Structure formats: C-alpha cells, structure tokens
Amino acid sequence: MLETSARLLRLLSLLQAHREWSGADLADRLGVTPRTVRRDVDRLRELGYPVNASPGTGGGYQLGAGAELPPLLLDDEEAVAVAVGLRTAAGNGVEGMGETSVRALAKLEQVLPNRLRRRVSALNSFTVPMLRGPRGSMADPGVLTEVANACRDSERLRFAYRDHEDSVTRRAVEPHRLVCTERRWYLVAWDLDRADWRTFRVDRITPTPPHGPRFTPRTPPAEDLAAYVSRGVSTRAYATSAVIRLHVSAEEAAQDVSPSTGVLEAVDEHSCLLRTGAASLDVMAIHLALLGFDFEVIEPAELTGHLRALRDRLSRALG
C-alpha cells in the first residue's frame, strides 16, 4: 500500500511537471508496466485529479483543469519560489493580491519542512526590495502570517504595540480579521483589557508568544470591516472631522480619495459625501484644497472660516 501511494504521488508530480506524457514514458520513469500506469491514472481520477488521455501513437496523458482545486505537489525549489513570491505580494501590497497572498502563505508555511522554512527566511532577510511604501510602514510577512494563523485558529494573540507617539503597550486580544488598504495592514480585534473592539496597524505589532488559549469568535463590530477600518483610520483617529459634499460622482472621487483618506458615500450621479479627519482645521482646509474637486462644507461650520483664511493667504501670495 505504501509503495502504491508513493508511486501515485510520483505519478502526480510527473504529470504536474510536464504538459503531456506518453504511457511508455511514464511507465519507464516509474519502473512499472503501461497497464499499471493506466490503473494508477484511474486512481488519481477517483481522487479528483482530472487526468486526460488521448488515444493513438501520438497520444498520452495530460493533467487537466478540474471543477475543484486538488492538492499540488511541489518540489523543494518550487516550494521556496512560491513562498518567496507570496511574501513579496503580501509585503508590497500588490493590488487585489495582498490578503489572498497572506492566507495562501499561512497555509504553505504550515506544511513547509524546517529546511525549506530556513531557506525562505534567509532569502527574505537578505533581500532588499526596491519597491517600498512609506518609511517604517511595511508589515513584516512573518508577523502577517502569525496574525493570520491566530485569526484562523481563533487563538488569543499577545503583542507589544507601538502607537503613533512611539509609546509601547502590551496587548492581549482576540484577533478577528486582517484588512489591507493600500500598503498598510490592519488587525481588527477584541481588546481584552479595554473590553472593546480595536484596530491595530500590523507594522506596529511585535508578537510576544506564547499565544492562546482558543476563544469563541464574537460578533464583529460591522458587517463591512473594510469600511469600518476606513472610518477608523481616516476619521475617528483624528482630532477634527468633517463632512464635505464633493461635486463629482463617488466613482470619480474614489480615484483620488483612498480608504485611509476618507469614506465616500454616493448622493447622486453628480455628487457624494466625504467623511474625513485631520489633525486640525487648518490642515483640513489644505487637504480639501489639494483634492482638486469643487466642494461645499456640510460640517463643521468653523471650517468655512479656515478656508477663507487660506483663500486670503493665497491671494496675498499672488500679489
């Protein structure tokens, strides 16, 4: 039985390595008869692997695409290449790939042998990517996978957290989800000491294992966690907030207003509301002027005075 299972794995590896094999070539590689190859192909089909066979002297066996994704067999070099590629996609915020890459990387690293894990770690430790985000804002892929595993396993997470003033606190949380926006990653979690939901920037997290124990997941703070995090990092985190009506559609505004800048809400096909925050009303006035859209202030009313002051300052500069 062990010999048959090992041969099936070897056969699957051969089928994944090349587009098409003749029955004679497979039999020669495996050291069996063509009849045994046919039986093994039938076993692979029973396991869900779509192995296509074409008759005739020019025919052969080919691994096709199936309705479901069966397990892949990777040799050492392929496994290292996939792991490094996933880490690169996760760390550099490839559009539409970041969160998916972290999930796949967490699954792959769970089954990587120690020898390959060390090779992947060495490659990432001694490789400097040219494409980088804001200084100090890149999340470490190792931390991302550790946090992703804790979310997946519903396991309490302990870490040191550095806030925007560089103060470090110890946190114990029940992690719920990772949210990726632009090149930053955020963890939405229930803070056990504060008995409330909190959002943490992953690049400011330093895990302090051991983690655990397991917990029963709570109802999340919002159905749309991406919007929840966007409101937190663009509005609630600042001393002042504002509601602005932009005289463009929400689709057009979204091309220049990122989720970390503000939350957009469509009003009609020609206008939308922007909810945003800033350190002060003066900064808010400059921020709005740089958007490049016509707008009007809904709230706060005091912002209008700061916009007039900015207008007068610019007029004086123009002489």
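On a predicted model such as this, the values are computed, not experimentally measured, just so you know.

S.K.: Explain the overall build of the protein chain to me, using residue names and the numbers behind them.
M.R.: Within the protein chain one finds 11 helices and 11 strands. Taken across its 319 residues, the protein chain has 38% of its residues classed as buried. Long-range pairs, those at least 24 residues apart, make up 57% of the contacts in the protein chain with a sequence separation of at least 6. Surface summary for the protein chain: the accessible area is close to 19,000 Å², and the carbon and sulfur share equals 52%.

S.K.: For the pattern of salt bridges, give the residues involved together with the corresponding values.
M.R.: All chains considered together, the criterion is met by 13 salt bridges. In this structure, the salt-bridge partner of Arg 43 is Asp 40, at a minimum N-O distance of 2.8 Å. In this pair, Arg 43 and Asp 40 both sit in helix 3 (residues 34-46), three residues apart, roughly one turn of the helix. Residue Asp 40 is classed as buried on the basis of its relative accessible area of 0%.

S.K.: How would you summarise unusual backbone geometry if you had to cite specific residues and measurements?
M.R.: Cis peptide bonds are those with omega within 30 degrees of zero, and the linkage from Pro 209 to Pro 210 qualifies with 10°. With respect to the element layout, Pro 210 can be found in the loop between strand 7 (205-207) and helix 8 (225-236). Of note, the amide linkage connecting Gly 212 to Pro 213 takes the cis form, showing an omega dihedral of 5°. Structurally, Pro 213 can be placed in the loop between strand 7 and helix 8. Its identity as a non-glycine residue notwithstanding, Ala 195 has a phi of 50°, on the positive side. As for its placement among the helices and strands, Ala 195 is situated in the loop between strand 5 (184-191) and strand 6 (196-201).

S.K.: Explain helix 2 (residues 23-30) to me, and be specific about the residues and the numbers.
M.R.: Restricting attention to buried positions, one finds in helix 2 the residues Leu 26, Ala 27 and Leu 30. Looking straight down helix 2, one finds that the buried residues subtend no more than 100° of arc, so they occupy a single side. Exposed residues pointing more than 90 degrees away from the buried face of helix 2 are listed as Ala 24 and Asp 28. A positive backbone phi angle near 70° is found at Gly 31, which sits one or two residues after helix 2.

S.K.: Tell me about the packing of aromatic side chains, and please be specific about residues and values.
M.R.: In total, this model carries four aromatic pairs according to the counting rule given. Relative to Tyr 161, the ring of Phe 159 has its centre 6.3 Å away and its plane inclined at 70°; by these criteria the two rings are edge-to-face. The two residues Phe 159 and Tyr 161 agree in class, both being buried. Each ring, one from Tyr 161 and one from Phe 200, has its centre 5.1 Å from the other, and the planes form 80°; the classification is edge-to-face. Residue Tyr 161 is located in strand 3 (residues 157-162), and its partner Phe 200 is located in strand 6; the two are separated by 39 residues in the primary sequence. Take Tyr 161: its relative accessible area is 8%, and that puts it in the buried class. Within the aromatic cluster, the residues linked to one another by ring pairs are Phe 159, Tyr 161 and Phe 200.

S.K.: Give a detailed account of the packing of helix 10 (residues 281-291) against helix 11 (residues 302-317), specifying residues and quantitative values.
M.R.: In a packed pair of helices, the relevant descriptors are the angle between the two axes and the axis-to-axis distance. Orientation of helix 10 relative to helix 11, taken along the N-to-C sense of each, is 65°, at an axis distance of 9 Å. Comparing their axes, helix 11 and helix 10 come out roughly perpendicular. For the pair helix 10 and helix 11, the crossing hand works out as right-handed. Contacts between helix 10 and helix 11 involve Leu 281, Asp 282, Met 284, Ala 285, Ile 286, Leu 288 and Ala 289 from the former and Glu 302, Leu 303, His 306, Leu 307 and Leu 310 from the latter. Of the residues assigned to the contact of helix 10 with helix 11, the class counts are nine nonpolar, one polar and two charged.

S.K.: Which residues make up the sheet that holds strand 10 (residues 271-278), and what are the values?
M.R.: Reading across from one edge, 9-10-8-11 is the order of the four strands in this open sheet, with antiparallel pairing throughout. The sheet terminates laterally at strand 9 (262-268) and strand 11 (295-299), the two strands that pair on one side only. Ignoring strand direction, the axes of neighbouring strands in this sheet form an average angle of 25°. Here four bridges tie strand 8 (residues 240-246) to strand 11, and the two strands are oriented antiparallel to one another. From the neighbouring strand, Leu 246 faces strand 11, where its bridge partner is Phe 295. Strand contacts of helix 10: strand 8, strand 10 and strand 11, with the helix running at about 140° to strand 10, the strand carrying the most contacts. Helix 11 rests against strand 8 and strand 11 of the sheet, and its axis sits at about 145° to strand 11.

S.K.: Just give me the short version of the pairing of strand 5, but keep the residues and values in it.
M.R.: Counting buried positions over the eight residues of strand 5 gives seven, a clear majority of the element. Sheet analysis places strand 5 next to strand 6, joined by six bridges and oriented antiparallel. Looking at the pairing, Ala 189 lines up with Arg 198 of strand 6. Hairpin connection between strand 5 and strand 6: a loop of four residues separates the two successive antiparallel strands, and Ala 195 in this loop has a positive phi of roughly 50°.

S.K.: Which residues make up helix 7 (residues 141-153), and what values go with them?
M.R.: Over its 13 residues, helix 7 runs 18 Å from end to end, which matches the ideal 18 Å to within 8%, given 1.5 Å per residue. Every buried residue of helix 7 is accounted for by Pro 141, Val 143, Leu 144, Thr 145, Val 147, Ala 148, Ala 150 and Cys 151.

What counts, and at which threshold
Residues numbered from 1 in each chain as written. Predicted model: local features only at pLDDT ≥ 70, side-chain atom pairs only at ≥ 80, totals over all residues. Heavy atoms only, no water. Helix = DSSP H or I, 4+ residues; strand = E, 2+ residues; numbered from the N terminus. Buried < 20%, exposed > 50% of the residue type's maximum accessible area, 1.4 Å probe, protein only. Contact = heavy atoms within 4.5 Å. Areas by Shrake-Rupley, 256 points an atom, 1.4 Å probe, with all protein chains shown as cover. Salt bridge = Lys/Arg side-chain N within 4 Å of Asp/Glu carboxyl O. Arc of directions from axis to C-beta. Phe/Tyr/Trp six-rings, centres within 6.5 Å; stacked < 30°, edge-to-face > 60°. Axes fitted to C-alpha atoms, helices over the stretch in contact; angles between N-to-C directions. Parallel < 35°, antiparallel > 145°, perpendicular 65-115°, else oblique. Left-handed = near helix turned anticlockwise from the far one by under 90°. Nonpolar A, V, L, I, M, F, W, Y, C, P; charged D, E, K, R; others polar. Pairing = 2+ DSSP bridges. Expected span 1.5 Å × (residues − 1).

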